[in-house]
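Structural features, examined
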Amino acid sequence: MNSSPEFPAALPFVKMHGLGNDFVVVDTAQSGMPVTPALARAVGDRHRGVGFDQLAEVLPSARADLKLLFWNSDGSRSGACGNATRCVAERAMTARGADSLVIETERGLLSARRGAEGMVSVNMGQPQLDWREIPLARDVDIMALPLPGRPAAVGMGNPHCITVVSDVAAVALEEIGPKLEHDPLFPERTNVEFIEHRADGTLRMRVWERGAGVTLACGSGACAAAVAAHKLGLTGREVRIELDGGWLIIDWREDGVWMTGPTAEVFSGTLSPSLLAALS
């Protein structure tokens, strides 16, 4: 179909995932068509659109190799998305013939690098451990919130609520997740993680993502969970975390929280002019 004033030019996209945490990647610098809340909702619809946990919008940057903005499937913005950052970094490094690059996000400048056996690492920056930065609605003990289960709160450019349980498989995530996401203690809502500390020193985690619901993995959530587990005395500063979609390695170093894991590119395509026209 040819483009026209009624039907704007089709918008290219790439579908990627990290541990089943899936993303649509669009390059605004290339297409000239910025993402809007309505576009994010339409593309995020798994029945009438493409479907994703988050949409990653690639923009030019004067400070780094590229800039990323993140959108949830409900059309809201996310300040950070670790697995999407790793996915876009892998694609950008391949295109540039590079093994490392710097990405500008609302979280700041994040360093990414290629590892062995197809793994990609990204430095998600230092955790936010002040109640005002997370943010919370009031000054409370961030390692023992006044909520059921006495969860911890950690910011990674977005808020996280982490509860330690004996069996994550038994958690009614679809029931408890939205209640905690919208609790008044979190003025910007929150991502919700449940973690189980296992005998071998690893963590098992399940997640309810703000604006997305239950997802197979959450990179920033895994980083927040690792920080909370260390602060609570459960693990060292480096820990392996098993999510529903696979494993991540989290290492809280002096320069920030590094996250390492696999990425995958699934397919590329174009959003039809008729879909885009329906949004105008």
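Look up: the structure comes first, before these words.
Procedures and definitions
- Residues numbered from 1 in each chain as written.
- Predicted model: local features only at pLDDT ≥ 70, side-chain atom pairs only at ≥ 80, totals over all residues.
- Heavy atoms only, no water.
- Helix = DSSP H or I, 4+ residues; strand = E, 2+ residues; numbered from the N terminus.
- Rg over C-alpha atoms; globule rule 2.2 N^0.38 Å.
- Buried < 20%, exposed > 50% of the residue type's maximum accessible area, 1.4 Å probe, protein only.
- Contact = heavy atoms within 4.5 Å.
- Arc of directions from axis to C-beta.
- Expected span 1.5 Å × (residues − 1).
- Pairing = 2+ DSSP bridges.
- Phe/Tyr/Trp six-rings, centres within 6.5 Å; stacked < 30°, edge-to-face > 60°.
- Lys NZ or Arg CZ within 6 Å of the ring centre and 35° of its normal.

With that out of the way, let us pick up the overall build of the protein. Within the protein, the regular secondary structure consists of 6 helices and 17 strands. Compactness check: the protein gives a C-alpha radius of gyration of 19 Å against a globular reference of 19 Å for 280 residues, within 12% of the reference. Its C-alpha atoms put the protein at 60 × 40 × 30 Å along the principal axes. Among the 280 residues that make up the protein, the fraction classed as buried is 54%. Of the contacts made within the protein by residues no fewer than 6 positions apart, 61% connect residues no fewer than 24 positions apart.

Those residues of helix α4 (residues 173-181) lying buried are Leu-173, Gly-177, Leu-180 and Glu-181. One side of α4 holds all its buried residues, which, seen down the axis, span an arc of 100°. Its buried side turned inward, α4 meets β10 (159-164), β11 (191-197), β12 (203-209) and β13 (213-215).

Across its 13 residues, helix α5 (residues 219-231) extends 19 Å between first and last C-alpha, which sits within 8% of the 18 Å expected from 1.5 Å per residue. The element α5 is largely enclosed, with a buried count of 11 among its 13 residues. Taken together, the buried positions of α5 are Gly-219, Ser-220, Gly-221, Ala-222, Cys-223, Ala-224, Ala-225, Ala-226, Val-227, Ala-228 and Ala-229. Among the residues trailing α5, Gly-233 stands out with phi positive, at a value near 80°.

Counting buried positions over the 7 residues of strand β2 (residues 21-27) gives 6, a clear majority of the element. Bridge analysis of strand β1 (residues 11-18) against β2 gives 5 bridges, and the strand direction is antiparallel. Its bridge partner being in β2, Gly-18 is matched across the sheet by Asn-21. Relative to strand β3 (residues 54-59), β2 runs parallel, the two sharing 5 bridges. Looking across to β3, one finds that Val-26 is bridged to Glu-57.

Before going further, it helps to examine the packing of aromatic side chains. Under the definition given, this model contains 1 aromatic pair. Centroid distance Phe-13 to Phe-267: 6.0 Å. Interplanar angle 85°. Geometry classified as edge-to-face. With Phe-13 in strand β1 and Phe-267 in strand β17 (residues 264-271), the pair connects residues that are 254 residues apart, well separated along the chain. Assessed through its relative accessible area of 38%, Phe-267 is described here as partly exposed. The cationic tip of Arg-113 hangs over the ring face of Trp-258; the distance from NZ or CZ to the ring centre is 4.3 Å.

Turning our eyes to something else, we now look at unusual backbone geometry. Residue Pro-135 is bonded to the preceding Ile-134 through a cis peptide linkage, with omega at -5°. Looking at where Pro-135 falls in the secondary structure, it is placed in the loop between β8 (119-123) and β9 (152-155). Phi is positive for Leu-19, close to 60°, though the residue is something other than glycine. Within the secondary structure layout, Leu-19 lies in the loop between β1 and β2. By relative accessible area, which is 7% here, Leu-19 ends up buried.

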